Amino acid sequence: MTGEASTSKLTWELANDVQPIEADKIFRYDGDEQRKILEQRPWKQDPHYFKKVKISAIALIKMVMHARSGGAYEVMGMMQGKIDGDTFVVMDAFALPVEGTETRVNAANEAYEYMVEFNDRSKHVGRMENIVGWYHSHPGYGCWLSGIDVMTQMTNQTYTDPFLAIVIDPNRTISAGRVDIGAFRTYPEGYTPPNATASEYQSIPLSKIEDFGVHASQYYPLEISHFKSSLDSRILDLLWNKYWVMTLSQSPLISNRAYTTSQISDLQEKFHRCESSISTRCSHAHLAPIISGLKGKGDKDKKDETQLQKAVKDSTKIAVESQHGLISQILKDAVFNQTKSDADFHLPPVVT
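On to the packing of aromatic side chains. According to the stated counting rule, one finds 8 aromatic pairs in the structure shown. Measuring from centroid to centroid gives 3.9 Å for Phe94 and Phe118, while their planes differ by 20 degrees, and the two rings are stacked. Highlighted residues: Phe94 in strand E4 (residues 87-95) and Phe118 in helix H4 (residues 109-124), separated in sequence by 24 residues. A residue is classified by how much of its surface remains accessible, and Phe118, at 29% relative accessible area, is partly exposed. One aromatic cluster in this structure is built from Trp43, Tyr49, Phe50 and Phe88.

It is worth spelling out the pattern of salt bridges at this point. Applying the stated criterion across every chain yields a total of 6 salt bridges. Residues Arg35 and Asp32 are paired through a salt bridge, measuring 2.4 Å at the closest nitrogen-oxygen approach. Taken together, the positions of Arg35 and Asp32, both in helix H2 (residues 31-40) and 3 residues apart, correspond to about one turn of that helix. You can call Arg35 partly exposed: its relative accessible area is 48%. On the basis of relative accessible area, Asp32 is assigned to the exposed category, the value being 56%. The closest approach of N and O atoms between Arg127 and Asp92, which form a salt bridge, is 3.8 Å. Placement of the pair is Arg127 in the loop between H4 and strand E7 (130-137) and Asp92 in strand E4, with a sequence separation of 35 residues.

So, about the nonpolar core. One finds Val53, Ile55, Met79, Phe88, Leu164, Ile166 and Leu222 to be the most contacted residues of the largest nonpolar core, which totals 27 residues. When residues of this core are traced back to their parent elements, those giving at least two are strand E2 (52-56), helix H3 (57-69), strand E3 (76-84), E4, E7, strand E8 (164-168), strand E9 (181-186) and strand E10 (219-228). With 5 residues, the single largest contributor to this core is H3. The residues contacting Val53, other than those within four sequence positions of it, are Thr87, Phe88, Val90, Leu164, Ala183, Leu222, Glu223, Ile224 and Ser225. In this structure, Met76, Val150, Met154 and Ala165 belong to the second largest nonpolar core, which totals 18 residues.

Locating Lys270 in the fold gives a position in helix H10 (residues 257-283). Accessibility expressed as a relative area gives 9% for Lys270, which makes it buried. The spatial distance from the C-alpha of Lys270 to the C-alpha of Asp314 is 9.6 Å, given a sequence separation of 44 residues.

What follows deals with a nonpolar patch on the surface. A surface patch of nonpolar side chains, about 370 Å² in accessible area, is lined by Leu253, Ile254, Leu326 and Ile330. Every element with two or more residues in the nonpolar patch is listed here: helix H9 (252-255) and helix H13 (307-336). Along the polypeptide, Leu253 turns up in helix H9.

Moving on: the pairing of E10. Where E2 and E10 come together, 5 bridges link them in parallel fashion. The partner of Lys54 across the bridge, within E10, is Ser225. The pairing of E9 with E10 spans 4 bridges and is antiparallel. Across the sheet, residue Phe184 finds its bridge partner in E10, namely Pro221.

Across the chain, the average pLDDT comes to 75, with 64% of residues at 70 or higher. Across residues 295-304, confidence stays below pLDDT 50; counting only partners more than four residues off in sequence or on other chains, it has 2 contacts.

Cut-offs and rules
Residues numbered from 1 in each chain as written. Predicted model: local features only at pLDDT ≥ 70, side-chain atom pairs only at ≥ 80, totals over all residues. Heavy atoms only, no water. Phe/Tyr/Trp six-rings, centres within 6.5 Å; stacked < 30°, edge-to-face > 60°. Helix = DSSP H or I, 4+ residues; strand = E, 2+ residues; numbered from the N terminus. Buried < 20%, exposed > 50% of the residue type's maximum accessible area, 1.4 Å probe, protein only. Salt bridge = Lys/Arg side-chain N within 4 Å of Asp/Glu carboxyl O. Core = buried A, V, L, I, M, F, W, Y, C linked by side-chain atoms within 4.5 Å. Contact = heavy atoms within 4.5 Å. Patch = residues over 30% accessible without salt bridge, like charges linked within 9 Å, V, L, I, M, F, W, Y side chains within 5 Å. Areas by Shrake-Rupley, 256 points an atom, 1.4 Å probe, with all protein chains shown as cover. Pairing = 2+ DSSP bridges. pLDDT = per-residue confidence, 0-100.

Structure, rendered in structure tokens:
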């Protein structure tokens, strides 16, 4: 592998915290142990039993490439792996032939037949892992479960548990320079989680906020980590040798311009609503709650964030991502086009 390709691969691994494993023990599949876990079904007694997800680097790349290939449309696929205590271990992933739209993805009978046949043929070549979950993309609107996603995941957990749901945002992946991914499990119907805490703030488009808020308490996120084996390292080397030039030549400012434009448009509408809300509250002499909300004091204020604070966070996120894209272009220009630095230019003498 060339030095440039090696640097590019290392950057990707650092950005996504891909941890190498000393031995490939994690890839060994013990059928008896897995059957014992399925018989005990400890997740039935504890709805919050599963807490972590480990994803192989190859499975991660497959899912991201598939999500990116869908463009503005959602795509869907399945994940193969095993259970290790309270952790899902995702070894591999494969795409499903499904029809997607900009807001949902539907799996027809052909997709289910393909899934069963793929899983059966995997066992014929020594891949004994079972299907442990599904993934789909949310192009441009973050990693969370919509109402339809919640219903799908609840059905899967009812009939094929243990089952995991993963969501990938390919647009935000390009903008942020690292994979934007979330892993989720739904609670049983009618279950109210004790001491439910607010999850990390996400920038949700206005058109999706209602759907996000209504179903946010019906599922919980799992901690995600990534790993690679010695074989994964060889495959990654081959991939980077082939694609690193293409990756280096691309600019997120250009390839993701439609997403950035939609973000700015959505942000403008959020600020417009904030302005209307503040004007209304000020006219009713309710300025004090706004001021206290903007100051922010402790955890209570964090939970009661105003819409203006959230809009400011969104604007900061857009600005930072745009600056990163611009900085990368400047660095590429300086390295490959040999742009002269300011020190190479002779300034005219100062007249006193």
